[in-house]
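Observations on the three-dimensional arrangement
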Amino acid sequence: MTHRMMAVFAVALMAVPAMVQGQSTVTATATIDQFFEVTGSGDISFGDLSRTADNVIDAAGGTGAATRTVSFNHNVNVSFTNIAANLTSGTLTLPITLRCAVNDGSWGTAEDCSGASFDLDVGTGLTNATLGFGGIITEAAAAAAVAGSYSGSLDILVVAR
């Protein structure tokens with residue numbers, strides 16, 4: 001009888017399904033692209049120049065200044081290239097010093113664009129700063145210039161850091 005009970009018990013064990021166990025991992029990924037954008041329009045406008053005093057436009061919001069908005073989601077550096085040292089009218093030239101400033105909460109001191117470089121740090125989300133542009137045309141440069149409409153430009157360079 002013991003033999004018979006063992007056989008029934010063995011059959012019963014075979015009838016019990018085996019417990020299946022498994023594990024799997026799901027990984028979530030996301031990429032936030034480095035974003036920055038420069039927007040705005042308008043140009044530095046000296047208007048009619050004085051020949052008896054320096055002609056100055058304050059880059060930090062002065063009359064005639066130009067601005068651009070930089071929007072970014074990571075730390076960036078702003079610098080300037082191809083900076084006009086002279087405004088031109090055909091073959092005529094008018095010396096100028098272009099000046100740049102940044103407002104990332106308040107206006108900083110304007111400086112010569114050729115040496116200007118601004119590190120802008122991102123806040124908790126998309127961050128904005130304002131770039132201001134002005135310049136100086138000296139009394140002597142204006143007095144020596146031939147009548148005409150002069151123009152020049154600079155390029156804004158924004159890079160991740």
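We now turn to the structure provided with this report. All values reported here derive from a predicted model rather than from experimental measurement.

With respect to the overall build of the chain
For the chain, the helix and strand inventory stands at 2 helices and 11 strands. For the chain, the succession of helices and strands along the chain, N to C, is α-β-β-β-β-β-β-β-β-β-β-α-β. Within the chain, the proportion of its 161 residues that are buried is 27%. Residue pairs at least 24 apart in sequence account for 78% of intrachain contacts in the chain once pairs closer than 6 positions are excluded. Carbon and sulfur atoms provide 54% of the accessible area of the chain, an area that totals close to 10600 Å².

Considering the packing of aromatic side chains
Taken as a whole, this structure holds 2 aromatic pairs when the rule is applied. Between the aromatic rings of Phe80 and Phe118, the centroid separation amounts to 6.1 Å while the plane-to-plane angle is 75°, which identifies the pairing as edge-to-face. In this pair, Phe80 is assigned in strand E4 (residues 76-81) and Phe118 in strand E9 (residues 117-120), connecting sequence segments 38 residues apart. Just as Phe80 is buried, Phe118 falls in that class too. Three or more aromatic residues joined by ring pairs make a cluster, and in this case those are Phe80, Phe118 and Phe133.

Quick word on the pattern of salt bridges
Within the structure shown, the criterion is met by 2 salt bridges. Across the salt bridge formed by Arg161 and Asp119, the nearest N and O atoms sit 3.4 Å from each other. Taken as a pair, Arg161 in the segment after strand E11 (155-160) and Asp119 in strand E9 lie far apart in primary sequence, 42 residues in all. Judged by its relative accessible area of 48%, Asp119 is partly exposed. Among the salt bridges present, the one from Arg161 reaches Asp121, with a minimum N-O distance of 2.0 Å. Of the two residues, Arg161 sits in the segment after E11 while Asp121 sits in the loop between E9 and strand E10 (127-137), which places them 40 residues apart along the sequence. A single salt-bridge network, built from bridges that share partners, covers Asp119, Asp121 and Arg161.

Details of unusual backbone geometry
Positioned with a positive phi, Asn82 is a non-glycine residue whose angle comes to about 50°. For Asn82, the position within the fold is in the loop between E4 and strand E5 (86-89).

So, the side chain of Ser71
Its location among the elements puts Ser71 in strand E3 (residues 66-72). Here the side chain of Ser71 touches Asn128 through a polar contact of 2.5 Å, side chain to side chain. If we skip the residues at most four places from it in the chain, Ser71 touches Phe35, Phe36, Glu37, Leu126, Thr127 and Asn128.

Conventions adopted
Residues numbered from 1 in each chain as written. Predicted model: local features only at pLDDT ≥ 70, side-chain atom pairs only at ≥ 80, totals over all residues. Heavy atoms only, no water. Helix = DSSP H or I, 4+ residues; strand = E, 2+ residues; numbered from the N terminus. Buried < 20%, exposed > 50% of the residue type's maximum accessible area, 1.4 Å probe, protein only. Contact = heavy atoms within 4.5 Å. Areas by Shrake-Rupley, 256 points an atom, 1.4 Å probe, with all protein chains shown as cover. Phe/Tyr/Trp six-rings, centres within 6.5 Å; stacked < 30°, edge-to-face > 60°. Salt bridge = Lys/Arg side-chain N within 4 Å of Asp/Glu carboxyl O. Polar contact = N/O pair within 3.5 Å; in protein donor to acceptor, adjacent residues only side chain to side chain.

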